[in-house]
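# Close look at the chain arrangement
Listed below are the residues making up each chain.
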Amino acid sequence: WDNADFSKGVGTTFYQEFPTLNTAKPPFVRDVEAKVRRYLRSSYSAAWTLKITWEKAPAYAARTDTRRTITYQAVLTTDGFRSYILMLYQEGGMQWDYTRLAATNVLIGYT
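Residues numbered from 1 in each chain as written. Predicted model: local features only at pLDDT ≥ 70, side-chain atom pairs only at ≥ 80, totals over all residues. Heavy atoms only, no water.

## A short note on the pairing of strand 4 (residues 83-89)
- Summarising the sheet, strand 3 (residues 69-78) and strand 4 pair through seven bridges and their orientation is antiparallel. Pairing of threonine 77 across the sheet is with tyrosine 84, part of strand 4.
- Hairpin remark: strand 3 followed by strand 4, antiparallel, with four residues in the connecting loop; positive phi at glycine 80, about 100°. (Pairing = 2+ DSSP bridges. Helix = DSSP H or I, 4+ residues; strand = E, 2+ residues; numbered from the N terminus.)

## Side note on the confidence of the model for the chain
- Residues at a pLDDT of 70 or more form 78% of the chain, whose mean pLDDT is 83.
- Per-element mean pLDDT across the chain ranges from 89 in strand 4 up to 94 in helix 1 (residues 27-40). (pLDDT = per-residue confidence, 0-100.)

## So, unusual backbone geometry
- Phi is positive for arginine 41, which is not a glycine, with a value near 50°.
- Summarising the element assignment, arginine 41 is placed in the loop between helix 1 and strand 2 (48-58).
- Residue arginine 41 is classed as exposed on the basis of its relative accessible area, which comes to 77%. (Buried < 20%, exposed > 50% of the residue type's maximum accessible area, 1.4 Å probe, protein only.)

Spelled out as structure tokens, the structure:
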């Protein structure tokens, strides 16, 4: 990971919560459930889901280059017993120039 820098007014962050226990599930939540089932080959029915979107986020430090931005999402979901995270990146992957980042050990994903 590396840090996004919104200090220059470029990019924004959005979030949307989907509490779905005892309610009808929107298409987005049904899609998340389908992905969990497909990738993990297990039954799954979400009770709660949170989608966080970082749109046009410039890399830290934004003073160096605000033209190369990235849009990505983290989707957290749980059935109350098991929890999962989906990490989604814009088509084409990470757009930051990793040779100009403050950190030299940048990862996409998690460890």
